2 protein chains.
Amino acid sequence: MSDASTARGHATIQDVADAAGVSRAAVSKVLRNAYGVSPTMRQRVNAAIESLDYRPRVAARAMRGSTYTIGIEIPDFGNSFFTRVLFGAQSALTGTGYQLMIAPADPGPQEGARALEALLDRQVDGVVAVSPIVDQSSLERIARRTPVVMFGRHDESDFYDTVAADDERGAGELMRHLLELGHTRITHLSIGELGGSVERRTPHGIRLEMYRKEMARAGLVTHERVVRAAEGEEAAYLATVEELDGRERPTAILAGHDAHAIGALRAIMERESDVSVAGFDDIPIASHPGISLTTSRQPGEEMGARAMDMLLERLKGRTEAAHEIFEPSLVVRGSTKPPPP
Amino acid sequence: MSDASTARGHATIQDVADAAGVSRAAVSKVLRNAYGVSPTMRQRVNAAIESLDYRPRVAARAMRGSTYTIGIEIPDFGNSFFTRVLFGAQSALTGTGYQLMIAPADPGPQEGARALEALLDRQVDGVVAVSPIVDQSSLERIARRTPVVMFGRHDESDFYDTVAADDERGAGELMRHLLELGHTRITHLSIGELGGSVERRTPHGIRLEMYRKEMARAGLVTHERVVRAAEGEEAAYLATVEELDGRERPTAILAGHDAHAIGALRAIMERESDVSVAGFDDIPIASHPGISLTTSRQPGEEMGARAMDMLLERLKGRTEAAHEIFEPSLVVRGSTKPPPP
DNA sequence: GTGAAAGCGCTAACAA
DNA sequence: TTGTTAGCGCTTTCAC
């Protein structure tokens, strides 16, 4: 038995086979719990694995089949909603033998797609992608080879699964809440570059649409006002500062999500301004007494877990596409109140 | 030319070679910008790559050499300090050709080590690990083969690099601030299971040590009180509730980090209690007017970027170990005030 | 400047 | 039940 493991610094399946006095195939079978291994052999092989500190290389396995790796693409770690989704996804994976690998998407429109590619280049067995901007056709091309679950996408493909919240309902509830409080000058703080457009079938696109629809229904078309900010609390803060210093100050701001709402609230509280704010998601800090943000709660953890479960189902053989919608719930807190007289 | 790409669903280097009418080796050279390729050939090969939508498989490359992948292990995405570190690390990587892959560590003592292993199994070219509980010897064994930068570790190995903050100074400053305000009943809310022990050379271990030292120096040994909570705001909240309802209520709480401090603040604000709170990190929400948390600021983004730079240096050939300490700075905000009379 | 061929570590089909 | 063997896609000498 040549101690190649010491020589090359990393034991291979051959080293284990030598040490146990069996063939490589036998070792491979033990590793995979494959059929047809005697208890004696299993024992000997396991002992050799232990003593050599052997770990199979994922790359070599990938050459033949699966990597036992699930990829997830996340657009913005600064937003704790995604963090919760991630947490849910991760929990659904414990005990399955799959390992989660996260590819971060830099800010920028194409970066989500890039991260997705990076995952695919590494031959993940399946992938959950959180709202990257990718056209349906290339997504379907990908999904034909690798199971894909899209998070926060409102289209219904035959090839990939989707998990999303009922944003129409969420935004409607929030708007009606603000209108019932008596607000008329409601600004919508939406995601996206200044002057850029929001894709229609995304959560933010739908929220924007509903904002417009509800303003119209309330006869407030002339008060309609949409301000855009890039992702992140900071950008929302700056946009809000500008808005508050503008000459037609709103009495309420409907933010595209809580991360933005928190930024808006920062500007408002700094100025001791009397402007209501509402968001989407119900991230953990939203319920903090110092923040107390009214929001449309999305069950992020559940949604992440469900997305991962759907992926596991695919991996087990499901072939028809599945699309799941989660219901949001309105959570009213101190950040929304009637407008000042 | 057989269109194997359609047949197998994924173009290989052979398909590209066929399409361009050259050898596999030629394609490989073009891919790697290797020496000895005529402009004409480069052109033809690139055209073929384009038209076949070819992407090299990382696994196959891994069999021969590097994966152009950097791994980072992160213990808790719920803590936005780590999120900032991640952001810094990621920025340092843009434009280098390396792709970042994140392995999440589940909660639990051994999980950081497990995530690290998962990364190693996938043959990352280098790894940044954020405070996993791993003994120095196995870390050194790993570092001998794969460059490793440890984040938040205060030991100095000859084999791996470290990046940490001067926690002794940070904790000292915070304690002196509280003492100068006149607090005597200061509880330390530390990380860790109830009754568990904090490792000495970790940030939390050092903070605990300094808490004790400063209490002793102020002649307050009898008031020393250490409460433990698991990671996360929730656990800190619960521990604080208990502490506030206890019969010797503290006038100030020194939390192990901001995530805990936020949880403590939640309990305090809910009860409209007059207890000061201080933390470590200066996560984004700490400066929010609704929170206004006194803290020892750690430059997380810079630290993450530096950690990644150190890794890149190793990848470029540096062989001596490097250890870097960042200086924290005390940020006093509204959450600390003199004790009630 | 270009191509042929060996081999990285593993799995799975087949033979024994 | 166990072992032999042919690749998976890529890089890298080494001939030409």
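Here the structure is a predicted model, which means the values were calculated and not measured.

Bringing the sheet that holds strand E12 (residues 329-331) of chain A into the picture now. By definition, the strands of a sheet pair up through backbone hydrogen bonds, in either a parallel or an antiparallel sense. Residue and element names in this part refer to chain A. The strand order E7-E6-E8-E9-E10-E12 describes an open sheet built from 6 strands, whose pairing is mixed. Strands with a single pairing partner mark the edges of an open sheet, and in this sheet they are strand E7 (225-229) and E12. Direction aside, the axes of adjacent strands within the sheet are offset by 20° on average. Both strand E8 (residues 252-255) and strand E9 (residues 276-281) contribute to a ladder of 3 bridges, which runs parallel. Following the sheet pairing, Ile253 is matched in E9 by Val277.

Next up on the list: the pairing of strand E8 (residues 252-255) of chain B. Here E8(B) shows a buried face lined by Ala252(B) and Leu254(B) and a second buried face lined by Ile253(B) and Ala255(B). With helix H12 (residues 258-270) of chain B bridging E8(B) and the parallel strand E9 (residues 276-281) of chain B, this β-α-β connection has right-handed handedness.

Now for the relation of the copies chain B and chain A. Once turned by 180° and shifted 0.0 Å along the axis, chain B lies on chain A with an RMSD of 0.1 Å. Taken together, the turn and the small shift mark the pair as related by a two-fold rotation axis. A share of 100% of the interface residues of chain B reappears at the interface of chain A, consistent with the copies meeting face to face through the same patch.

This part is about the protein's contact with DNA strand C. Close contacts around DNA strand C come from 26 residues, with Ile13(A), Arg24(A), Arg32(A), Tyr54(A) and Arg61(A) the closest. Backbone sugar and phosphate groups make up 59% of those atoms of DNA strand C lying within 4 Å of the protein. Here Arg61(A) contributes a side-chain N or O atom positioned 2.6 Å from a phosphate oxygen of DNA strand C. Elements with a minimum of two residues in the surface near DNA strand C: helix H3 (24-32) and helix H5 (58-64) of chain A together with helix H3 (24-31) and helix H5 (58-64) of chain B. Grouping the amino acids of the surface near DNA strand C by side-chain chemistry returns 12 nonpolar, 5 polar and 9 charged.

A few words on the pattern of salt bridges. The final tally for this structure, using the stated rule, is 43 salt bridges over all chains. Close ionic contact of Glu111(A) with Arg114(A) constitutes a salt bridge, the shortest N to O distance being 2.9 Å. Separated by 3 residues within a single helix, Glu111(A) and Arg114(A) lie in helix H7 (residues 111-121), roughly one turn from each other. The class of Glu111(A) is buried, set by a relative accessible area of 18%. Among the residues examined, Arg114(A) registers a relative accessible area of 37% and is labelled partly exposed. Across the pair Arg333(B) and Asp282(B) runs a salt bridge whose closest N-O atoms are separated by 3.1 Å. Taken together, the residues Arg333(B) in the segment after strand E12 (329-331) and Asp282(B) in the loop between E9 and strand E10 (294-297) connect sequence positions 51 residues apart. Side by side, Arg333(B) and Asp282(B) carry an identical accessibility label, which is buried. Because the salt bridges share partners, they merge into one network encompassing Asp161(A), Arg306(A), Glu313(A), Arg314(A), Arg318(A) and Glu324(A).

What follows deals with the nonpolar core. Counting residues in hydrophobic clusters, the biggest one holds 100 residues, and the most contacted among them are Ile102(A), Met308(A), Ile102(B) and Met308(B). Setting aside residues up to four positions removed in sequence, Met308(A) forms contacts with Ile70(A), Ala89(A), Ala92(A), Leu93(A), Leu100(A) and Val128(A). Of all hydrophobic cores here, the second largest spans 38 residues; its members include Ile142(A), Leu116(B), Leu120(B) and Ile142(B).

Low pLDDT marks stretches whose predicted atomic positions should not be read closely. Put simply, chain A has an average pLDDT of 93, and 95% of its residues get 70 or more. Across residues 1-7 of chain A, where pLDDT falls below 50, the model places 8 contacts with residues more than four positions away in sequence or in other chains.

Residue pairs three or four apart in sequence face the same way in an α-helix, which turns once every 3.6 residues. Residues and elements named next belong to chain A. For helix H9 (residues 167-181), built from 15 residues, the straight-helix expectation of 21 Å at 1.5 Å per residue is met to within 8% by its first-to-last C-alpha distance of 21 Å. Turning to H9, its buried residues number three or more, namely Asp167, Gly170, Ala171, Gly172, Glu173, Leu174, Met175, His177, Leu178 and Leu179. Where H9 terminates, the next one or two residues include Gly182, which has phi positive at roughly 110°.

Moving on to the packing of helix H2 (residues 13-20) of chain A against helix H4 (residues 39-52) of chain A. All names here are of chain A. Relative orientation of the contacting elements H2 and H4 amounts to 120°, with a least axis distance of 9 Å. Classed by the angle they form, the pair H2 and H4 counts as oblique. Crossing geometry of H2 relative to H4 is assigned as right-handed. Only Arg44, Val45, Ala48, Ile49 and Leu52 of H4 make contact with H2, whose side of the interface consists of Asp15, Val16, Ala19 and Ala20.

Time to look at the protein's contact with DNA strand D. The environment of DNA strand D is made up of 26 residues, and the closest members are Arg64(A), Ile13(B), Arg32(B), Tyr54(B) and Arg61(B). Of all DNA strand D atoms lying within 4 Å of any protein atom, the proportion belonging to sugar or phosphate reaches 56%. A distance of 2.4 Å is found between a phosphate oxygen of DNA strand D and a backbone nitrogen or oxygen belonging to Ile13(B). Ser28(B) places a polar side-chain atom, nitrogen or oxygen, 3.0 Å from a phosphate oxygen of DNA strand D. Every element with two or more residues in the surface near DNA strand D is listed here: H3 and H5 of chain A together with H3 and H5 of chain B. Of the residues in the surface near DNA strand D, the class split is 12 nonpolar, 5 polar and 9 charged.

In this numbering, the UniProt entry assigns the feature "domain: HTH lacI-type" (unreviewed entry) to residues 11-65 of chain A. As annotated, residues 11-65 of chain A has a helix share of 69% and a strand share of 0%, and its two end C-alpha atoms lie 21 Å apart.

Right, let's get into the domain arrangement of chain A. By a widespread convention, an interface's size corresponds to the accessible area lost as its parts come together. Split by domain assignment, chain A resolves into domain 1 (13-56), domain 2 (69-165 + 300-326) and domain 3 (167-299). Here the C-alpha centre of domain 2 of chain A lies 35 Å away from the C-alpha centre of domain 1 of chain A.

Residue and element names in this part refer to chain A. Relative orientation of the contacting elements H3 and H4 amounts to 90°, with a least axis distance of 10 Å. Our classification of the angle between H3 and H4 gives roughly perpendicular. Along the contact surface, H3 presents Ala26, Val27, Val30 and Leu31, while H4 presents Met41, Arg42, Val45, Asn46 and Ile49. By residue class, the composition of the contact of H3 with H4 is 7 nonpolar, 1 polar and 1 charged.

Conventions we followed
All residue numbers refer to position in the chain's written sequence, counted from 1. Chain labels run from A onward and ligand labels from 1 onward, assigned in the order the entries are written. Given that the model is predicted, a residue must reach a pLDDT of at least 70 before its local features are reported, and side-chain atom pairs must reach 80 or more before they are shown or counted; all residues, however, enter totals for whole chains, interfaces and linings. Think of the side-chain values as coming from all heavy atoms in the structure, minus any hydrogens and water. Note on pairing: two strands pair once DSSP finds at least 2 bridges between them. Numbering of helices and strands runs from the N terminus; a helix is a DSSP stretch of H or I covering at least four residues, while a strand is a stretch of E covering at least two. Helix axes are fitted only over the stretch in contact, all axes being lines through C-alpha atoms; the angle between N-to-C directions runs from 0 to 180 degrees. To sort residues, take the accessible area from a 1.4 Å probe on protein chains only and compare it with the maximum for the residue type: under 20% means buried, over 50% means exposed, and anything in between is partly exposed. By definition, the crossover connecting two strands over a helix is right-handed if that path, from the first strand to the second, turns clockwise as seen with the strands pointing away from the viewer. Only residues with pLDDT of at least 70 in both copies contribute their C-alpha atoms to the least-squares superposition of the copies. Pairs of residues are marked as contacts when any of their non-hydrogen atoms sit within 4.5 Å. Here a residue is near a molecule or strand as soon as one of its heavy atoms is found within 4 Å of it. Within 3.5 Å is the distance limit for a polar contact, defined as a pair of N or O atoms, with the added protein rule that one can donate a hydrogen and the other accept it, and that residues adjacent in sequence qualify only through two side-chain atoms. Polar here means any residue outside two lists: the nonpolar Ala, Val, Leu, Ile, Met, Phe, Trp, Tyr, Cys and Pro, and the charged Asp, Glu, Lys and Arg; Gly therefore counts as polar. Only one rule defines a salt bridge in this text: a Lys or Arg side-chain nitrogen within 4 Å of an Asp or Glu carboxyl oxygen. Joining through side-chain atoms within 4.5 Å is the link that ties buried Ala, Val, Leu, Ile, Met, Phe, Trp, Tyr and Cys residues into a set, and such a set is a nonpolar core. Per residue, pLDDT captures the predictor's confidence, and it can take any value from 0 to 100. In this scheme, a helix's expected span is set at 1.5 Å multiplied by one less than its residue total. An angle below 35 degrees is read as roughly parallel, one above 145 as roughly antiparallel, one from 65 to 115 as roughly perpendicular, and any other as oblique. Should the near helix be turned anticlockwise from the far one by less than a right angle, the crossing is left-handed, and should it be turned clockwise, the crossing is right-handed. UniProt positions are given in the numbering used here, feature names are shortened, and annotations may be inferred rather than shown by experiment. Boundaries of every domain are those given by an automatic assignment or by a domain database.

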